[in-house]
Amino acid sequence: MTPRSFLLSPELADYVRASSDPVDDVMADLIRETAEMAARGEASATMQIAPEQGVLMRLLTTALGARRAIEIGTFTGFSALCIARGLPEDGSLLCLDRSEEWTAVARRYWERAGVAGRIELRIGDALTTLRGLPRAETFDLAFVDADKTGYAAYVEELHPRMSRNGVVLLDNTLRGGQVLEPRDESDRALAELNTALARDPRWETALLPLADGLTLLRKR
Ligand SMILES: C[S@@+](CC[C@H](N)C(=O)[O-])C[C@H]1O[C@@H](n2cnc3c(N)ncnc32)[C@H](O)[C@@H]1O
């Protein structure tokens, strides 16, 4: 199953995709291979961002003129591929993930897409790696898509490391609608974070009802 907006009917989701830039062969093959891994029980295909979200993230990366980006939660590399493609030739993307197995798939596709030279992957606990980075204004764009209970800490650690007007993207901020009626720790963590961010003067905040919810934070 390809992930899509839970807010749209399958027909409208198809229409949204058909009305946006198409995915190319590399992206399509990565979506297919991830789905095959899911069918074998080696991963969950719904962990991958929706294709239309990837197209938007590539567009945003380019439109923001981002040169240095960071991703927290890389999996098989689809979102990183989209960000990396939006970067200039000499841009860089730092990817944090704890899975050697899933990111081995990512590395193959980054090579094939010709963006591997722009991407550095660090394996380990993302919060530990992030805390080890200099507290300097380094990144123009960040994408957070790892453990949901860690988001609040990721946002705190990212703040000093983002450039002024830098943008942080948070994935799954609607949790399939369960932010209204949290069922588990992850739902609760996102519901609390959404409330806190809407009142946080350090960020300009917009939650887009795209895919599973994508929050944009601009550092003021
Ligand atoms: C939802 S998937 C990311 C999907 C990816 N952005 C994509 O579009 O394909 C979440 C990823 O976060 C990683 N992850 C979860 N918790 C983590 C942590 N504490 N430290 C590092 N990686 C973590 C998992 O290994 C997994 O690959």
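The name given to the protein chain in an unreviewed UniProt entry is Caffeoyl-CoA O-methyltransferase, and the organism recorded there is Blastococcus saxobsidens.

Some thoughts on the overall build of the protein chain
Looking only at helices and strands, the protein chain features 8 helices and 7 strands. In terms of overall dimensions, the protein chain is globule-like: its C-alpha atoms have a radius of gyration of 16 Å, near the 17 Å expected for 220 residues. Projecting the C-alpha coordinates of the protein chain onto the three principal axes gives extents of approximately 40 × 40 × 30 Å. Here the protein chain holds 220 residues, and the buried ones make up 51% of them. Counting only contacts in the protein chain whose residues sit at least 6 apart along the sequence, the fraction spanning at least 24 positions is 70%. Carbon together with sulfur atoms contributes 52% to the accessible area of the protein chain, which is approximately 10,300 Å² in total.

Looking at the pairing of strand E2 (residues 92-97)
Where burial is concerned, most of E2 is hidden: 5 out of the 6 residues are buried. The pairing of strand E1 (residues 68-72) with E2 spans 5 bridges and is classified as parallel. Directly across from Ile70, in E2, lies its bridge partner Leu94. Across 5 bridges, the pairing between E2 and strand E3 (residues 119-123) is parallel. Across the sheet, the residue bridging to Leu96 is Arg122, located in E3. The handedness of the E2 to E3 crossover, carried by helix H5 (residues 100-113), is right-handed.

Describing unusual backbone geometry
Positioned with a positive phi, Phe75 is a non-glycine residue whose angle comes to about 55 degrees. By relative accessible area, which is 6% here, Phe75 ends up buried. In the Ramachandran plot, Ala211 falls in the positive-phi region, its phi being about 50 degrees despite a non-glycine side chain. You can see Ala211 is positioned in the loop between strand E6 (203-208) and strand E7 (214-219). Judged by relative accessible area, which is 6%, Ala211 ranks as buried.

A few points about the sheet that holds E6
Strand pairing in a sheet relies on backbone hydrogen bonds. The paired strands run either parallel or antiparallel. Spatial strand order, E3-E2-E1-E4-E5-E7-E6: 7 strands in an open sheet with mixed pairing. Because the sheet does not close on itself, it has two edges, and the strands there are E3 and E6. Each adjacent strand pair in this sheet contributes to an overall mean axis angle of 15 degrees, direction not counted. Against the sheet, helix H8 (residues 185-198) makes contact with strand E5 (162-171), E6 and E7, and its axis sits at roughly 135 degrees relative to E6, the strand it touches most.

Focus on the environment of Leu190
Along the chain, Leu190 turns up in helix H8. For the pair Leu190 and Thr173, spaced 17 residues apart in sequence, the C-alpha separation works out to 6.0 Å. Residues within four places of Leu190 in sequence aside, it is in contact with Lys148, Tyr151, Asn172, Thr173, Arg175 and Val179.

With respect to the site of the ligand
Within the structure, the ligand sits among 20 residues, and Gly73, Ser79, Asp97, Ala126 and Asp145 are positioned closest to it. Between the ligand and Ile49, the relevant distance is 3.2 Å, taken from an oxygen atom to a main-chain nitrogen or oxygen of the residue. For the ligand, a nitrogen atom lies 3.0 Å from a polar atom in the backbone of Gly73. Taken by itself the ligand offers 600 Å² of open surface, and the protein chains cover 94% of this.

Reading the values: rules and limits
Residues numbered from 1 in each chain as written. Predicted model: local features only at pLDDT ≥ 70, side-chain atom pairs only at ≥ 80, totals over all residues. Heavy atoms only, no water. Helix = DSSP H or I, 4+ residues; strand = E, 2+ residues; numbered from the N terminus. Rg over C-alpha atoms; globule rule 2.2 N^0.38 Å. Buried < 20%, exposed > 50% of the residue type's maximum accessible area, 1.4 Å probe, protein only. Contact = heavy atoms within 4.5 Å. Areas by Shrake-Rupley, 256 points an atom, 1.4 Å probe, with all protein chains shown as cover. Pairing = 2+ DSSP bridges. Right-handed = clockwise from strand over helix to strand, strands pointing away. Axes fitted to C-alpha atoms, helices over the stretch in contact; angles between N-to-C directions. Near = heavy atom within 4 Å. Polar contact = N/O pair within 3.5 Å; in protein donor to acceptor, adjacent residues only side chain to side chain.

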